[in-house]
Amino acid sequence: MNYEAVIGLEVHAELLTKTKIFCSCTTEFGGEPNTHVCPVCLGLPGTLPVLNKKVVEYAVKAGLALNCEISKFSKMDRKNYFYPDLPKAYQISQYDLPLCKNGYVEIETSDGVKKKIGLTRIHIEEDAGKLMHENIDGSLVDYNRTGVPLIEIVSEPDMRTPEEAYLYLTKLKSVLEYSEVSDCKMQEGSLRVDTNVSVRPVGSNEFGTKIELKNLNSFKAVQRALEYEIKRQIKLIENGEKIVQETRRWNEQKGVTESMRSKEEAHDYRYFPEPDLVPIIVSDEWKEEIRKSLPEMPEHKKERFVSQYGIPEYDASIITSSKPLADFFEKCALEYSSAKTISNWIMGEMMRLLKDTGKEIDEVPIKPHQMASLLNLIDNGTITGSIAKTVFEEMFMTGKNPDDIVEEKGLKQLSNEDELREIAVKVIKDNPKSVEDYKNGKEKALGFLVGQMMKATKGKANPQLANKLLREELSK
Amino acid sequence: MELHELKIHELHELLKNKEVSAVDVTKAYLERIKEVEPQVDALISITEEYALKKAEEADKMIQDGNINDLTGIPVIIKDNMCTENIRTTCASKMLEDFVPPYNATVVENLSNLGAVMVGKANLDEFAMGSSTENSAFKTTKNPWDLSRVPGGSSGGSAASVAADECAFSLGSDTGGSIRQPASLCGVVGMKPTYGLVSRYGLVAFASSLDQIGPLTKDVTDCAIVLNAIAGHDPKDSTSVDKMRKKDYKEFLKEDIKGIRIGYAKEFFGEGLDDGVRESIESSLKIFESLGAEIKEISLPYLDYALAAYYIVSSAEASSNLARYDGIRYGHVATNYEDLIDMYMVSRSEGFGKEVKRRIMLGTYALSSGYYDAYYNKALKVRTLIKKDYEKAFEDVDVIVGPTSPTTAFKIGERVEDPLAMYLADVYTVPVNIAGLPGLSLPCGLSNDLPVGLQIVGRHFDEGIVLNAAYAFEKACNFNAKPSFKGGAK
Amino acid sequence: MSITKDEVIHVAKLARLKFTDEELEMYSHQLDNIIKYVDKLNELNTDDVEPTAHIVPISNVFREDEVMPSMDREKILMNAKEKEDGCFKVPKIIE
Ligand SMILES: [Zn+2]
């Protein structure tokens with residue numbers, strides 16, 4: 001029998017506000033434990049929350065960017081449960097009246113099929129603190145992150161393959177970055193993903209037993225965990241075994257999902273309206289004001305890049321898939337005349353190094369003006385194209401100026417005719433076989449000899465000059 | 001007359017004319033506290049050192065010509081309002097050594113005006129109760145008869161005013177916790193409209209019902225204190241905008257001709273003491289003699305208010321009191337197996353019976369499968385009660401009636417029967433449910449115990465309530481003083 | 001409606017409270033009485049009635065997104081019984 005998967009995703013994204021959702025403490029990442037804490041976010045007896053207006057605006061912005069309806073009337077609710085990272089023993093969240101609902105994200109699969117993934121809702125809530133378990137005799141609690149604003153984005157169970165889940169997440173992240181509401185840094189926890197998946201025979205309308213997956217630290221991990229979990233579930237069904245509804249944890253090292261076997265009794269969150277906060281009413285005027293503040297979205301940017309900079313559509317779609325990358329491209333294009341060259345470098349070296357190092361674009365220290373100087377060094381003949389790749393890699397790793405790297409490492413292009421002629425003569429003398437071939441009409445042999453000159457100069461020889469001098473010497 | 005017997009406005013005259021200093025006044029009250037406190041047990045903390053320092057500051061303000069109505073006036077604060085660096089216990093073992101690092105907004109306001117806090121008042125644990133017997137530390141006695149309760153939960157606040165341990169006190173009122181003890185102790189107590197006074201720093205019992213208010217020796221003082229604590233607070237989202245605040249002293253007029261006064265026939269049903277009934281009926285006659293128009297009204301849903309109240313307040317309390325787990329503050333168990341056990345043992349040891357009872361009721365009412373049957377149902381009944389009052393206020397300007405169905409009852413009389421205890425709030429609870437302003441003032445004695453008259457107004461219409469109360473106070477001329485019956489004195 | 005002893009045990013767990021058998025007996029009895037009393041609400045038909053969560057109709061109360069200093073860590077930790085390295089300390093949690 002053929003099976004298909006039914007996948008839904010829950011994404012938590014930290015909003016880029018300066019202060020927490022209900023108090024004026026900073027949301028800055030890091031900081032000594034419990035130094036970004038006040039009586040309100042510590043939940044001291046008697047304290048009261050006051051909602052940060054920016055949180056509502058950012059959530060509405062995200063909702064508009066994700067094609068949602070914005071609720072005219074919404075409210076906050078309490079979600080009650082006990083855990084040491086939750087100082088009030090309830091999380092202020094939204095239950096039955098979320099700020100945004102009924103949106104969608106459009107993805108395009110590798111075979112070019114476009115598909116809309118439905119968004120059930122987006123609501124605002126507060127983050128919990130951080131628990132550290134390194135201690136032998138106890139766990140430590142840091143409340144710096146408590147009260148950092150989050151939006152929770154719940155998808156419909158519309159995805160059928162792990163690839164679709166991956167594409168959905170990539171697209172969602174890009175939209176959130178584009179709308180400037182979240183920096184979506186998974187490594188700092190500002191984007192978190194939970195997924196649930198079930199399998200069923202193709203053609204069935206019923207849902208199978210849902211398994212929730214946790215500990216997904218990257219989009220690739222989501223994809224791999226889903227791939228594993230779908231296979232596991234199909235195997236169980238084929239063996240006639242029952243799937244038990246549970247939460248499983250992705251083990252990245254072993255590449256498997258593991259049962260979490262929590263002792264905790266079934267949750268009963270006892271939601272009820274938060275009496276300390278008043279309803280949120282988003283008027284049409286306010287909504288339109290927020291809509292106006294929305295920056296350009298990926299599709300528009302892509303079209304504009306093609307028409308304005310004349311780069312290929314494929315390149316434009318890759319570059320605009322990430323806001324920081326698109327910003328980098330556009331800033332470079334301001335500093336340097338040939339956008340096509342920049343796009344080639346991004347598509348080539350930049351993407352290669354990002355992939356190899358697993359870095360995110362915003363962790364790369366290269367400044368747009370440095371990128372422009374690098375390209376100028378090629379144009380004015382200071383370095384060769386192949387040396388430029390070495391310099392770029394160094395820039396990628398260290399953030400140094402290209403001029404300094406060239407200077408430090410002595411990478412300047414050799415354009416001194418006398419010097420190069422001497423090397424050409426030596427290369428001809430050392431490679432009689434190739435000289436013979438060349439003279440017998442094998443043009444290719446010249447390429448080998450140029451290569452030998454590059455080798456002798458550690459790639460610094462001006463390739464056109466080397467070519468010219470070799471021809472001259474060979475025709476003597 | 002002794003200093004401690006004076007009212008705020010009388011003390012103010014003496015201070016303003018520099019006939020006494022704030023330090024003199026404070027010392028006189030501290031002296032009085034030492035004298036009567038062993039009999040009354042109204043206080044959890046006596047803040048002598050702090051008070052003397054504040055009194056000196058107040059004297060400086062007076063010398064600088066910065067005197068206002070409350071400068072140098074001794075006040076007692078209910079011990080569920082946070083006071084910076086001064087222990088705030090909520091009369092609970094849970095918070096026995098909790099020292100807040102911040103001030104409640106009302107405390108800050110009073111401090112800025114130069115009021116002098118001399119102590120923190122006993123209460124029913126976390127303000128849950130009607131007799132102050134639920135305090136983990138002591139049972140406060142009624143100054144009129146020391147074998148009787150002072151009411152609750154602001155029993156310490158009411159008794160301390162009645163016993164002249166301060167010129168005024170602050171209480172909090174969730175279902176009658178200011179008005180009922182004011183009634184039982186023969187003082188004036190007011191619960192303002194929900195949202196008029198900031199709740200920031202008031203340890204929450206039931207957030208949608210809690211409100212801070214004054215307990216004073218007369219209606220004039222009530223208006224003075226209300227002026228000091230009312231108004232918008234950016235730290236409390238449910239506190240109303242600035243426009244709502246008025247100068248309440250302007251409403252202290254004896255003329256109430258033409259004011260329409262309603263009394264609900266439902267007030268005079270089963271459970272009302274005969275003595276209380278008589279006092280209320282003669283109070284209506286006084287109003288009539290002053291030229292007010294007396295009208296019978298009906299509040300048909302009144303009978304359901306108490307049930308709705310116990311659901312709503314307990315549900316909110318179960319959530320508000322979940323934070324007491326011993327991790328960041330408060331009592332923590334010494335013997336436990338693991339984290340969950342630590343929660344359970346700490347909470348079970350830290351909370352008293354009544355608090356646990358309400359947490360249980362509230363948790364049950366919110367739990368899966370019961371939300372609609374209980375909590376949501378209660379919120380719907382809340383709508384009906386609110387509409388009852390709205391309809392009534394189309395025909396009348398204020399509604400008067402008894403504050404409590406009985407005068408002060410005996411200590412221990414109702415502790416075993418929670419429902420009987422809850423019935424003490426039957427007249428006050430609907431006012432919280434509807435968020436209205438309500439004031440209780442003494443209107444007579446029944447068997448040598450004070451009877452309280454409750455006056456309720458429209459939302460933010462504290463003015464007319466004070467007007468009616470002031471006129472009544474002048475006409476009624478209630479001037480009996482507590483006898484400390486059964487005491488050594 | 002009435003409340004069973006099993007329900008009382010379940011609710012106590014939800015509320016993180018621990019009772020002796022005797023207390024359990026007492027609370028079951030008292031809660032049952034209170035619940036029977038509040039059941040009188042069911043005499044009322046409220047099908048067309050909106051619930052009132054906030055008695056005073058205000059909405060959109062917000063703060064501006066401006067950073068203010070947090071509280072000194074010493075004060076944040078001052079009421080905690082167990083603390084270490086600037087953190088609150090709890091019994092070891094096994095994840
Ligand atoms: Zn804070």
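Computed from a predicted structure; not experimentally measured.

A short note on the interface of chain C and chain B
Part 1 of the reasoning: Contact residues are listed per partner, giving 51 residues for chain C and 69 residues for chain B.
Part 2 of the reasoning: Both faces considered, chain C and chain B share a buried interface measuring about 5400 Å² in area, 70% of it formed by carbon and sulfur atoms.
Part 3 of the reasoning: With a shortest N-O distance of 3.4 Å, Lys40 of chain C and Asp303 of chain B are connected by a salt bridge.
Part 4 of the reasoning: Here chain C is connected to chain B by 18 residue pairs in polar contact (both at pLDDT 80 or more).
Part 5 of the reasoning: Among the elements of the structure, α1 (5–14), α2 (21–38) and β3 (87–90) of chain C are those that each provide at least two residues to the side of chain C that touches chain B.
Part 6 of the reasoning: In terms of residue count, the dominant contributor to the side of chain C that touches chain B is α2 of chain C (ten residues).
Part 7 of the reasoning: Class assignment for the residues of the side of chain C that touches chain B results in 32 nonpolar, seven polar and twelve charged.

Structural notes on the domain arrangement of chain A
Part 1 of the reasoning: According to the domain assignment, chain A contains domain 1 (3–288) and domain 2 (417–474).
Part 2 of the reasoning: Each of domain 1 of chain A and domain 2 of chain A was reduced to a C-alpha centroid, and the two centroids are 62 Å apart.

Re the nonpolar core
Part 1 of the reasoning: Within the largest apolar cluster, 216 residues are counted, with the highest numbers of intra-cluster contacts made by Leu110, Phe126, Leu170, Phe287, Tyr389 and Ile455 of chain B.
Part 2 of the reasoning: If you tally residues by element for this core, the top one is helix α9 (residues 302–320) of chain B, at twelve residues.
Part 3 of the reasoning: Among residues more than four places away in sequence, those in contact with Tyr389 of chain B are Leu299, Leu302, Ile399, Pro430, Val431, Ala434 and Leu436 of chain B.
Part 4 of the reasoning: Ala13, Leu64, Tyr309 and Leu325 of chain A belong to the second largest nonpolar core, which has 105 residues in total.

Side note on the pairing of strand β6 (residues 90–93) of chain A
Residues and elements named next belong to chain A.
Part 1 of the reasoning: Side chains Tyr90 and Ile92 project from β6 onto one buried face, and the interleaved Gln91 and Ser93 project onto a second face that is buried too.
Part 2 of the reasoning: The pairing of strand β5 (residues 77–80) with β6 spans four bridges and is antiparallel. Residue pairing for β6: Lys79 is matched across the bridge by Gln91.

Section: the sheet that holds strand β15 (residues 256–259) of chain A
All names here are of chain A.
Part 1 of the reasoning: Strand order in this open sheet of nine strands is β3-β7-β8-β11-β1-β12-β13-β14-β15, and the pairing throughout is mixed. Two strands lie at the open edges of the sheet, namely β3 (69–70) and β15, each paired on one side alone.
Part 2 of the reasoning: Here strand β7 (residues 100–108) pairs with strand β8 (residues 114–126) via eight bridges, running antiparallel. Paired with Cys100 across the two strands is Ile122, which belongs to β8.
Part 3 of the reasoning: Most of the contacts of helix α1 (residues 53–65) go to β8, to which it runs at about 170°, and overall it touches β3, β7, β8 and β11 (149–155).

Topic: the coordination of the zinc ion
Angles at a metal have ideal values that depend on geometry: 109.5 degrees with four tetrahedral donors, 90 or 180 degrees with six octahedral donors.
All names here are of chain A.
Part 1 of the reasoning: Distances from the zinc ion to its protein donors, Cys23 (SG), Cys25 (SG), Cys38 (SG) and Cys41 (SG), fall at 2.3 Å.
Part 2 of the reasoning: One way to put it: the four donor atoms around the zinc ion meet at angles of 100 to 115°, and that makes the site tetrahedral.
Part 3 of the reasoning: All donors to the zinc ion come from one chain, and their sequence spacing reads C-x1-C-x12-C-x2-C. In this pair, Cys23 is assigned in the loop between β1 (3–14) and β2 (51–52) and Cys41 in the loop between β1 and β2, connecting sequence segments 18 residues apart. The pair Cys23 / Cys41 is uniform in exposure class, with both members buried.

Thresholds, definitions, all that
Residues numbered from 1 in each chain as written. Chains lettered and ligands numbered in written order. Predicted model: local features only at pLDDT ≥ 70, side-chain atom pairs only at ≥ 80, totals over all residues. Heavy atoms only, no water. Contact = heavy atoms within 4.5 Å. Buried area = accessible area lost by both parts, 1.4 Å probe. Salt bridge = Lys/Arg side-chain N within 4 Å of Asp/Glu carboxyl O. Polar contact = N/O pair within 3.5 Å; in protein donor to acceptor, adjacent residues only side chain to side chain. Helix = DSSP H or I, 4+ residues; strand = E, 2+ residues; numbered from the N terminus. Nonpolar A, V, L, I, M, F, W, Y, C, P; charged D, E, K, R; others polar. Domains from an automatic or database assignment. Core = buried A, V, L, I, M, F, W, Y, C linked by side-chain atoms within 4.5 Å. Buried < 20%, exposed > 50% of the residue type's maximum accessible area, 1.4 Å probe, protein only. Pairing = 2+ DSSP bridges. Axes fitted to C-alpha atoms, helices over the stretch in contact; angles between N-to-C directions. Donors = N, O, S within 2.8 Å, 3.2 Å for Na, K, Ca; no water. Tetrahedral: all angles 85-135°; square planar, octahedral: opposite > 155°, others 65-115°.

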